[in-house]
Amino acid sequence: MKRGKRALILAGVLAALVLVYAGVQKSVSQPENVTEESGTYALTAHTAEELTGLQWTNGDGDEQETLHFVKTGEEEQWQVDGDETFPVEQDSVEGLAETLTALKADRKLENVEKPEDYGLLEPAFTLTAGWSDGTETVYSMGDETPFGDGYYLSLSGEDGTVYTVADALSGDFSGSLLSFAQSEELPAVENVTRLVVGDTLDVEGTAEKTEGEGSSLRWIWKATGEKLDGSEVEALIDEAKNLRWTELKAVNADDEALSGYGLTDEQATAITLYDGETIVWKLLAGAEADEGGHYVRLPDSAMVYTADVASLLEADVGSLYDVGIRNVLL
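Residue positions within a chain follow its written sequence, with the count starting from 1. In keeping with the model being predicted, local features are shown solely for residues with a pLDDT of at least 70 and side-chain atom pairs are shown and tallied solely at 80 or more, while totals for entire chains, interfaces and linings include all residues. Working from all heavy atoms in the structure, the side-chain values ignore hydrogens and water.

1. Things to note about the overall build of the protein chain
In this text, helices come from DSSP runs of H or I with a minimum length of four residues, and strands from runs of E with a minimum of two, each type numbered from the N-terminal end. Helices and strands together make up the secondary structure of the protein chain, namely 7 helices and 18 strands. Looking at the protein chain as a whole, 37% of its 330 residues are labelled buried. A separation threshold of at least 6 residues defines the contact pool for the protein chain, and within that pool the share at least 24 residues apart is 59%. Working definition: with a 1.4 Å probe on protein chains only, accessible area under 20% of the residue-type maximum means buried, over 50% means exposed, and in between means partly exposed. Any pair of residues with heavy atoms lying within 4.5 Å of one another is described as a contacting pair.

2. Here we look at a negative patch on the surface
Patches in this entry comprise residues that are over 30% relatively accessible and not in a salt bridge; like charges within 9 Å are linked, as are nonpolar side chains (Val, Leu, Ile, Met, Phe, Trp, Tyr) within 5 Å. Here the accessible surface of atoms and residues is derived via Shrake-Rupley with a 1.4 Å probe, and residues count as covered only by protein chains that are part of the display. Salt bridges, as used here, are contacts in which a Lys or Arg side-chain nitrogen is within 4 Å of a carboxyl oxygen on Asp or Glu. When charges are counted, neither His nor the chain ends are considered; positive counts come from Lys and Arg and negative counts from Asp and Glu. To locate a charge, take atom NZ for lysine, CZ for arginine, CG for aspartate or CD for glutamate. Negative charge collects at one region of the surface, where Asp254, Asp255, Glu256 and Glu266 lie side by side. Take Glu256: it is sitting in helix 5 (residues 255-260). A relative accessible area of 68% means that Glu256 is categorised as exposed.

3. A closer look at helix 2 (residues 90-101)
To estimate how far a helix should reach, multiply one less than its number of residues by 1.5 Å. Along its 12 residues, helix 2 runs 17 Å from first to last C-alpha, staying within 8% of the 16 Å computed at 1.5 Å per residue. Burial in helix 2 covers these residues: Gln90, Val93, Leu96, Ala97, Leu100 and Thr101. Down the axis of helix 2, the buried side of the element spans an arc of 130°, and every buried residue falls inside it. Contacts made by the buried residues of helix 2 are with strand 2 (51-58), strand 3 (65-72), strand 4 (77-80), strand 6 (125-131), strand 7 (136-144) and helix 3 (169-172). The arc under discussion is defined with respect to the helix axis, by the directions toward the C-beta atoms.

4. Re the sheet that holds strand 7
Spatial strand order, 1-5-9-8-7-6-2-3-4: 9 strands in an open sheet with antiparallel pairing. Of all strands in the sheet, those bounded by a partner on one side alone are strand 1 (35-42) and strand 4. For this sheet, the mean angle separating the axes of adjacent strands, direction not counted, is 25°. At least two DSSP bridges between two strands are required for those strands to pair. Alignment of strand 1 against strand 5 (residues 104-110), held across 6 bridges, turns out to be antiparallel. Each residue of the ladder has a partner; that of Thr35, found in strand 5, is Glu110. Sheet contacts for helix 2: strand 2, strand 3, strand 4, strand 6 and strand 7; angle to strand 2, the most-contacted strand, approximately 90°. Here the axes come from fitting lines to C-alpha atoms, over the contacting stretch only for helices, and the angles between their N-to-C directions go from 0 to 180 degrees.

5. Focus on the pairing of strand 9 (residues 162-165)
The side-chain alternation of strand 9 yields two buried faces, one formed by Val162 and Thr164 and the other by Tyr163 and Val165. Two elements, strand 5 and strand 9, share 3 bridges in a ladder whose sense is antiparallel. If you follow Arg107 over to strand 9, its bridge partner there is Thr164. By the bridge criterion, 3 bridges tie strand 8 (residues 151-155) to strand 9 in an arrangement that is antiparallel. Looking across to strand 9, one finds that Tyr151 is bridged to Val165. Here strand 8 hands over to strand 9 after 6 residues, with Gly157 in that stretch at a positive phi of 85°.

6. A few points about the pairing of strand 7
Bridging between strand 6 and strand 7 involves 6 bridges; their strand directions are antiparallel. Residue Thr126 lies in a different strand from strand 7, and its bridge partner there is Ser140. Between the end of strand 6 and the start of strand 7, which pair antiparallel, lie 4 residues, with Gly134 showing a positive phi angle near 90°. Relative to strand 8, strand 7 runs antiparallel, the two sharing 4 bridges. Pairing of Glu144 across the sheet is with Tyr151, part of strand 8.

7. Notes on unusual backbone geometry
Not every positive phi belongs to a glycine, and Asn111 is a case in point at roughly 65°. Along the chain, Asn111 turns up in the loop between strand 5 and strand 6. On the basis of relative accessibility, which here comes to 41%, the residue Asn111 falls in the partly exposed class. The backbone of Thr224 shows a phi angle near 45°, a positive value even though the residue is not glycine. Of note, Thr224 is situated in the loop between strand 12 (217-223) and strand 13 (226-227). Thr224 sits in the exposed class, given a relative accessible area of 78%.

This is the structure we're talking about:
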């Protein structure tokens, strides 16, 4: 008996929730002739290969940034509109193209006469897509749905129709322009016979044959004729060889900007690896970054990054003496 009573109560609660949902939907979907259908609705018949332009704006006020990519050339590469020198990471923009053309809605509202009821009179986010047939589609994202299960979206050329999509379109297109830049790669290095850090460190290695039966070659590292702790030197070299960028800070920094980073040729500290007489790896290190690490760049490059190079910059011969010699000195 108790179980039956509980079932009736639950049924009543469910019915009340349905009525509340219907009431909310009705209050949003005005006037009463708005029709709503659930299903799966493709928002474009175009493919990612047919997309030739993407433009949207992120941020508010002074923080606003408009991004505009266009596909050009025989190889159909993406570039920043008006800036052919910007190194666009092609896979990132192609990923957005795939996301946009695969976008589907799960509800469709028709006969909508008041877009302001859905936050579409002044959209929270707008994106313009250009297609290879010369047409454009403007995607406008409005308010979140009353129960938080999606967002209202309208398309240019479909007056009176509003869709709901599960995720905010602005989320997929939230990156800054720098997040779409192709970072440079540090050269891969195998053999290193010398490490130079500015004017503070210059160590060189030679291969010497060990004595006794089963002799082999080993590297002996020296500076100004003094033998150094090989493991310490090789740890520094490995740190340089395995260095990775922490964050890209600028793509085309001019001389004034480079000066602010401490990265002009006159300001920067050069970290250089040699194989014999050949430079096989070189990095310029500048000022310390507020977020940690140092500003760095490759020679003859205007792209600025942050990276952790403190150990290399702080190393000196005194800290690299052979342990046995150091103990004698102490």
